[in-house]
Amino acid sequence: MSANPLQAIESSEYFANVTFAGLQLLIPQNDIYSLEPTVDMTPCPDVIGTAGQLQQGNEMWSLYALSSDLSLFDSCPDSYRIAVLLKNVKPLYGLLCEQIDSLARNQISIHPIPTAMRNPTSPLLALALYGEEIRYISSASALSRLFPYY
Amino acid sequence: MTVPAWIISITDTLSAAVGEFELIHVLPDYPELTTVPKTPPYCRQVFVWQNKIIPVMNLAERFGLETNAAGNDHSVMTIFAYRTEKTALPEYAALCLNATPRRSEVNDTQACSLPAELSSWTNYVRCCFQDTESQQAIPILKLEHLFAYQNGVVVG
């Protein structure tokens, strides 16, 4: 995990383009552990805010589902069928989404969050332009600010 | 001394002014706005203009001003340029105005004090003048503070 998250995203050659609730969130590919179907998810009643959990080997990932304003759903919406398991963060967690694909660094231009919009508690590290479309950039560690357990 | 300025309409009853070269573009069409999550309520949306991401600030919301409920139907998206205090690099931001900006000439003799009801604007205003046409007191915006200050503190 890099000490400077902006440097980490600038130097990432590929991003996972995670789609949910109309949002397209870019996460450095290096923060992705694996993709799993949500059919393997089990309930996780002990951890506040989780929609479920998923075991991979000896490790357990808490799974979170986010809305379009990045607030937590307490259950998994039917359309969220993919669990993106993240790494470079402890405790481990995964993000539930509708769709995921990959974008190369040279397909986007990275822009800082405009000064007037900055919020120190936001998990968004920068904005990206993909053609004329705006995407949001975050990382596994930055997203963990959204979760009560972290 | 007389200088040119743009007078911009914030609400039905309140206008402000910016320098001649600070207003750089009035969009002919309302742009497609994208909402950025976890941002302040007065600056939640952006749009793309010339490969730049432009934030849109709602001044009425920022300063808790009353607006006409039907006011958005004729809003005019206007792009401003300013230099940041920290880096002196040019930056761009937009305001959604109630009407098309009006050009005016402002003379030193028009200087007046900031009205008491605008005292919360002090950090964001260079000075104030009385408009000869409307007789309103018009604050001249300090854009580098308006788009960079949050709760009186420079961010970024």
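On a predicted model such as this, the values are computed, not experimentally measured, just so you know.

What counts, and where the lines are drawn
- Residues numbered from 1 in each chain as written.
- Chains lettered and ligands numbered in written order.
- Predicted model: local features only at pLDDT ≥ 70, side-chain atom pairs only at ≥ 80, totals over all residues.
- Heavy atoms only, no water.
- Phe/Tyr/Trp six-rings, centres within 6.5 Å; stacked < 30°, edge-to-face > 60°.
- Core = buried A, V, L, I, M, F, W, Y, C linked by side-chain atoms within 4.5 Å.
- Buried < 20%, exposed > 50% of the residue type's maximum accessible area, 1.4 Å probe, protein only.
- Helix = DSSP H or I, 4+ residues; strand = E, 2+ residues; numbered from the N terminus.
- Pairing = 2+ DSSP bridges.
- Axes fitted to C-alpha atoms, helices over the stretch in contact; angles between N-to-C directions.

### Here we look at the packing of aromatic side chains
A ring pair, where both rings are aromatic, is described by two values, the distance of the centres and the angle of the planes. Enumeration over the complete set of coordinates arrives at ten aromatic pairs over all chains. One aromatic cluster in this structure is built from Phe20, Phe73 and Tyr80 of chain A.

### Description of the nonpolar core
Note on soluble globular proteins: their nonpolar side chains tend to be buried together. Residues Phe20 of chain A together with Ile8, Met57, Leu95, Leu141 and Leu146 of chain B are the most contacted members of the largest nonpolar core, which totals 70 residues. Per-element accounting of this core gives the leading share, five residues, to strand E5 (residues 59–66) of chain A. In this structure, Ile9, Leu26, Leu103 and Ile137 of chain A belong to the second largest nonpolar core, which totals eleven residues.

### Let's talk about the sheet that holds strand E9 (residues 99–104) of chain A
All names here are of chain A. Strand order in the open sheet formed by six strands is E9-E1-E2-E12-E11-E10, and the pairing between neighbours is mixed. A single partner strand is all that each edge strand has here, and the edge strands are E9 and strand E10 (109–111). Sheet twist, expressed as the average angle between the axes of neighbouring strands with direction ignored, equals 35°. Of the strand pairs in this sheet, E10 and strand E11 (residues 126–130) are connected by three bridges, and their pairing is antiparallel. Residue pairing across strands places isoleucine 110 opposite alanine 128, the latter belonging to E11.

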